[in-house]
Amino acid sequence: MTSRPPMAVPQRQPQRTLPGSGLSQSPTHQRTLSQQYLPQSPIRKPESFTEQSSDVGDVAQGRYNTLPRRGGSRLKLELANDGIEHPGFSESPQTLDAISANKPFTPSRIMSMNDASDAGDMTPRTSRCHTADDDSVPLPMPPRRTQLVVPVKRPEPSSTPASMTPRKDARPKPFFLETPSIAPRYPNMGKPEPTGKTKTKDTAPRACTDLSAGFADFYPWNGAHPEDQFTDSIIRHGFFDKAPAQSMQEPSSGKAPLFPAMKHKSGLHTLSTIFTGIMNQRRHSGQITSASTFKPPPRVTLTDTKREIWLKDLANPAISLRRLSRTIPHGIRGKVLLEQCLNKNVPTDRAVWLAKCVGANEIRAFKRKGVNGIFVMGGEAKWIRDWTVFVEQFVESITNAFSENDWKTKVTYAIRLATHLYAEHLLDRDHYMDWLVSGLENSNQAKLPMWLLIIQIYWKDLLKLRRHGRRLVNAVLSHHSSIYYHPDRAILLPLATRLQALVESLLLTSPENFVNPGTWSTFRDSVLEAPGSSNNESRSKAFKSIDMRNDYLTSSNAKSQPALRSIVVQLLDSIHRTPLDSTIPKQLWKTSENKLSIVRTVLEWCTSLYRPGIAKVYIAAALLRSSADLDVDVTKAILEFLDADPLEENARKQLVYHLVSELARSDHFSVPQYVQWLIARGGLVDSSETGRDGPCATRLLVEIPLNSLNESMKNLRATLLRRAFFSVEDEAKDTEIAISCVKSMLSISLGSGDPFSQQKPMSLKKLSKRIHLSSRSLKTIISSWLSNDFIGGFAQNSRSGKGGVELPRPVFEAVRTLLEAAQDYTMLENVLRLTAANSNAELLACCADTINLHLPVFTATGAAKPLFQILYDRLKAILEEQGIGARPLLASLASLAPRLTGLEDVSTQLQNDLIRIDRSSAADASSPLSDNMATQLQDAETVLSEQIEKLASYTSADRPTMERLFYAIVKKLQAYWGQADERQRLCCILLTRLRVFDIHHFRKLMTDWVQYIRSLTNRPHVDQLFPPLISSGCLSLAILFATYKRTQAQANQSPVKAASIYVQEILQMLMMPLNPSPVMTSEDCYRFRIVQDHARRDYARELMPLVREALTEYSASRNQQVRMRQPLEDQDTEAQLLELLRGLVLVDPNAASQTVSLKSPDSKLAALIETWTTKLLVPNGGGGQKSFEQVLELANEFTLPFCQVKLSLNLAIDESSGPEASERLQSQFEQLSKALDNAIDANNIMWTGMLPSLSANITQHMRNRAESRFLDIIPSLKNPPEDTLFDRDIQMAENLLTVIDSIFRGGSGSKVSPLSSALVDKLADMWDILASRNNEYVSLRSTALSHWLPLLFSYLTLYTSPSASAIEMSKLPGGEIRGRALIVLAGLIQELDNHPATNLGQHAFDIALALVDSLPEEARLQCVRAVKDATADPRLRYLFSFAPNPAENLMLAHRDKPPPGFHERRAMAMGMGMSMIPERLTPFVFRRWEILNEPTPNVGENDTSLSLTLFEARKIK
């Protein structure tokens, strides 16, 4: 270490030694950074400390070759030293460390370890001073007291030699006085500090005498200063640095003239006036009045080298911007500017300064071109837009270059610089926000964390504007949902957690951005099911509020009771069509809080004759059982339903008995409660009450299943029935006879005393028919015996291992037939579970076929998948034991699995296993056997079973051989056609084995052959050929539906004989049940029933054209000369076709309408179709045509699809293509309109559901008519309503709104529609009513709030449909009308704040949010201009997406001087003149690009970017 001073500092001369002491003075050392501006402590430091401090000072000075500064300007140092006690002023060094502990760690604060012991020494030290006689040593002066110094305890120094304090210099030092810490100090007033000097201890006296040091009135006494001389003048007048002029000297005291004036009563006012004048004079004399001389720093052309030097100087904070403003180089602009700032690491504030300089020059360049103001504004806006794009590209390029080493530093700089530019409004904020949101929307998961980081910087600004906040929330929810349902969610857990936190924050802070029906319906479940979503009460409230707000925009008046019933019926129909959808029952119970109304609708749907099938009973039973968990009294609901509905039809009564029987088995129907209810009604008194045709409420006591009653209830039941002359004993005998008949049919030995033991057993068909006609009580007893006693006995023997006889397949089929006749599928399910334990593959295949045929029923009971799993497990075991013997079960399960959801992989595996087993037993067509195969098949004496065995030893075939074999087999098959020959079935087996060689080629061969069969004129009925092929799997339904139409070649020829009725035969085959025959066994017939049911359910779309083609064929063949017997003329076929049409109408009413709306010249066919459609609408009524009014009167929730078909048929009959078509169409409109008006007046609006299915012209006509009537009813101030017609008008408006709602929401086409001007006018009328303060309109305001405004809002929600995208809506015409509607809604929002009791203000705001999303940009800007200056409501700013710019709409106020009159001066004196002075306002343009600090190198009086005259600034003197 050295004590040599730094460069450019002159060497100090050594001080002379004290006389006679022989000791020399210690050398002077350089001060550290902190010591240069802190007063010197009197405590002398050790040499080691001074040396280390000198070294640190050397480093600090040598870095920039200048004296180090203490962080900031001299003015800051002076202000800091004036008002506080600096720790450096204390006598003890401990105070310096204690107070400076919180200061930044800088090299100037480094302390030597050698000074630790000395720093802790608080003992006063003696100081020596100079006297007049340098030879004598003065006495020690008392030490100055420290100022509130708290000693700091330092750790004891270690005893190691390195930390030992060196021996202190005891030589005497010259005495000098210190400047007191409380001495006042002059401001430097721009005077520079003396440079080239170093303050040391021995230079303190000279520094104190220097005026530039800044200490006021402190001169240490040395006898040479003028103040040290005492003269008469100094003693009398004091000491002056500069003697005052003689004229200004006070010759005498001022007390005498001033004191009397002060004592006067007006003296205070006079003094105040004097001082006010003095202050005004001082203010005016120093105020800046010169014009602003500000100019942006100019740009100059520099070489590349000088430009690099300039950029490096810009990056150096030590070089002032005033110096750099002289030579701003050209060529630094746009993205180059940003990249240069990044590469040179320019500080952010200096980079923004450079951007402002460049931008100000660029913008001023447009103004220098001398063009008009519009071009200047457009050019400036374009330049700012381009500059914003450069910033966006700069940030995006830096963030994407994450492979670079210093990526984090660059990204931090880029984001910080862009944020500063955004904060100072130097970017096009709309474009920048749109870029931010677009980046988040299009980001992948790898870049998503970076985009989230950037987005959160601008989070608040984005959420304050609807156009950006809605997209931001949508993007966050989209990413959250995609990660939430991602299969690798565990890997993305940190990102998912972050997104979840953002969603939670958005839910609480910005719920209005979630008001978007389309987005909310998509991502609602992911938000609801998120982990921890139900733990926070505030979060749950926010979620429910958002859910309700979105639901309001989509439901309209759908929560009314008629619409609610329609929704429930639609959901029930969906369950009936797709019973495997488990989400529909949950959705059903959420439709309304009134669970009893839902239960009532379920009961009506279950007992409706318009819903075919028995599965609806088990669906209703399952739903009613689940309602018990919702505290619904099922028994009470059923009894109320029986009391309200008479149930005249016997079919409906049987459905009620069946439903109650199923509920009583599971104890969900309370029989004691029913008996009590029956007794309370008077009990049974007449035999007609218990007869088969008796009332359902009383006959139910007979139909109650006895096996679900205890003995006391059985006795009570018998007592009640005896009062109605019903013989319980005869009922018991009938039960015994039925059980005996069943036992006899099953070949079970009867007792010797049984009268049926000697009789011939009853046939299965006859017994099934009798069971089907029996009471529900008897059916349940027989079913229970078959399931529990008979099949249960076989299962018990099998489990006990007694070696009993295994259940034969024919016996199982008989039991299944009886249970199907009893329609007791609960017991059939139990039978299937018991039978599944067998190892017989054919028996288990029968079980699988049973499940397949009754799949909707078993799905409703919840047994479909469990039973399939049991059989699938049995298949695995049987495959291991029997191998190919498991094929029947494998084939049945392969047919069942595709119809079960969630088993796609299992279904594919089963199909592959079936193909593999078939190939393993098939023949190789390329073997020598194939050469004589065709010859052997032509021999009628050949045994086909031998050919099958020979064919089973090969596994492949080529296509020519396959075709030769196929045509040989089908030729023999055609030979056996219609002969009931068993060999026909064997041919089907051969085709089945041939199919596996090449499935696709076999399908083509089969299609060509079926087309050939279709063209034959002389042939038997197709139901003797196709069913064996279909049941064996050779012929699929897809091929059958693809070939029923005639080919192009066949279309040129008129079909004759059998070819003319082919389609009718196909339709008849798919509808009519088959009886067992030599060709079709009972099991084959059962499988064909599965195919028929499969065609009805899964091929409904293909069946409708088939029915239409059959009707066309029927009409054409009736006009032929040689008439053949038409299949559709058969009564049984007609009845089955009617049931088929009933099911097809429920699947798709529109397609069914097109099917029956057949234009045919055959009047008999038209009358037949008319009769069919009438029977569909009125099952128990007569046929004939129904008028429009009659059809509308019959409309309800269950008949609606059939009314639609009937209405379409009526409209199709009246259509014509002649010249009178327009007149007929107009007549139709008038008739239908009249019928609709009559129905609305009669409060019948159930028919509205079929309006959307009508033609577009009729629908549009009805909609326009309903809208016109609806808007005409709404009152206004000019047209107030009549009190007597108020209730009628409200009811009419609700009905019309229901009609409009049905057309809007039920249509299959586009639901996008522009707003009408009349609707906006009515909204404005409502605004006028609410804003009126006239007492005459109090009642009108009340009705507007309670009825009219909610109806209008419900009407407006029809235009907020989530099915129409915002882009599609924005392209619609009428943007100005939509903008007007939004402005009126904005007024209503503010007006409804005066009525907080209603929730209409929230509804109006939500509707406005949904409408503004689809508003064109031009219309939005017009709305902004309309409301911008009229209100400061933050809701409207959010709605129209405009933020207040603090730089806009600034005005300058100019006050003119008042005329110098007496009254004006008097008002000024009284303090009233300020309001009387007229003001003149002029716009002030705030140029953000020119807000520059240090713009020019030369400091001027008024050269700031904002003129100092605006602030009435004054010069400092």
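Residues numbered from 1 in each chain as written. Predicted model: local features only at pLDDT ≥ 70, side-chain atom pairs only at ≥ 80, totals over all residues. Heavy atoms only, no water.

S.K.: How should the overall build of the protein chain be read in this particular structure?
M.R.: What the protein chain contains, in helices and strands, is 68 helices and 4 strands. Relative to its 1517 residues, the protein chain shows a buried fraction of 46%. A separation of at least 24 residues holds for 76% of the contacts in the protein chain among residues at least 6 apart in sequence. Surface accessibility of the protein chain: about 78,100 Å² in total, with carbon and sulfur atoms responsible for 54%. (Helix = DSSP H or I, 4+ residues; strand = E, 2+ residues; numbered from the N terminus. Buried < 20%, exposed > 50% of the residue type's maximum accessible area, 1.4 Å probe, protein only. Contact = heavy atoms within 4.5 Å. Areas by Shrake-Rupley, 256 points an atom, 1.4 Å probe, with all protein chains shown as cover.)

S.K.: Sorry if this is basic, but what is going on with the packing of aromatic side chains here?
M.R.: Each aromatic ring pair is specified by the distance between its two centres and by the angle formed by the two planes. Considering all chains together, one arrives at 24 aromatic pairs under this definition. Measuring from centroid to centroid gives 5.3 Å for Phe790 and Phe794, while their planes differ by 80°, and the two rings are edge-to-face. Of this pair, Phe790 and Phe794 both sit in helix H33 (residues 776-800), separated by 4 residues, roughly a single helical turn. Linked through ring pairs, Tyr422, Tyr432, Trp435, Trp451 and Tyr458 together constitute an aromatic cluster. Directly above the ring of Tyr422 sits Arg429, whose terminal nitrogen or CZ lies 3.9 Å from the centroid. Cation over ring: Arg816 sits above Tyr1086, and NZ or CZ is 3.6 Å from the ring centre. (Phe/Tyr/Trp six-rings, centres within 6.5 Å; stacked < 30°, edge-to-face > 60°. Lys NZ or Arg CZ within 6 Å of the ring centre and 35° of its normal.)

S.K.: Can you help me understand the side chain of Ser325 in this one?
M.R.: Tracing the backbone shows Ser325 in the loop between helix H10 (321-324) and strand S2 (328-329). A residue is classified by how much of its surface remains accessible, and Ser325, at 1% relative accessible area, is buried. Within the structure, the side chain of Ser325 is placed 2.7 Å from the backbone oxygen of Arg322, a separation counted as a polar contact. Setting aside residues up to four positions removed in sequence, Ser325 forms contacts with Pro297, Pro298, Trp353, Glu1494, Pro1495, Thr1496 and Pro1497. (Polar contact = N/O pair within 3.5 Å; in protein donor to acceptor, adjacent residues only side chain to side chain.)

S.K.: Is there a simple way to think about unusual backbone geometry in this case?
M.R.: Even without glycine at this site, His425 takes up a positive phi of about 60°. Turning to its location among the elements, His425 is positioned in the loop between helix H14 (407-423) and helix H15 (429-441). Here the phi dihedral of Leu647 falls at roughly 55°; this positive angle occurs in a residue that is not glycine. As for its placement among the helices and strands, Leu647 is situated in the loop between helix H26 (634-644) and helix H27 (650-665).

S.K.: For this particular structure, what's the right way to read helix H32 (residues 764-772)?
M.R.: Turning to H32, its buried residues number three or more, namely Leu767, Ser768 and Ile771. Down the axis of H32, the buried set is contained in an arc of 100°. They therefore lie on one face. Facing away from the buried side of H32 by more than 90 degrees, the exposed set consists of Lys765 and Lys769. (Arc of directions from axis to C-beta.)

S.K.: What's the story with a nonpolar patch on the surface in this structure? I'm lost.
M.R.: On the surface, Ile274, Phe275 and Ile278 cluster together to form a nonpolar patch covering roughly 300 Å² of accessible area. By secondary structure assignment, the location of Phe275 is in helix H8 (residues 267-286). (Patch = residues over 30% accessible without salt bridge, like charges linked within 9 Å, V, L, I, M, F, W, Y side chains within 5 Å. Salt bridge = Lys/Arg side-chain N within 4 Å of Asp/Glu carboxyl O.)

S.K.: What exactly am I supposed to notice about the pattern of salt bridges here?
M.R.: A side chain with one charge may pair with a side chain of the opposite charge, provided their charged atoms come close. Counted under the stated rule, the structure contains 59 salt bridges. The salt bridge partner of Arg1125 is Asp1130, with a shortest N-O separation of 3.8 Å. Between Glu1139 and Arg1142 there is a salt bridge, with its nearest N and O atoms 3.7 Å apart. Within this pair, Glu1139 and its partner Arg1142 are both found in helix H52 (residues 1131-1147), separated by 3 residues, close to a single helical turn. For Arg1142, a relative accessible area of 6% translates into the label buried. Several salt bridges share partner residues, and in doing so they unite Asp430, Arg467, Glu1417 and Arg1420 into one network.

S.K.: In this structure, what is going on with the environment of Val1156? I would like to understand it.
M.R.: As for its position among the elements, Val1156 is in helix H53 (residues 1149-1156). Separated by 17 residues in sequence, Val1156 and Thr1173 place their C-alpha atoms 8.2 Å apart. What Val1156 contacts, discounting residues up to four positions off in sequence, is Ile1169, Thr1173, Val1205 and Leu1209.

Interpretation note: all reported values are geometric properties and have no functional meaning in isolation.
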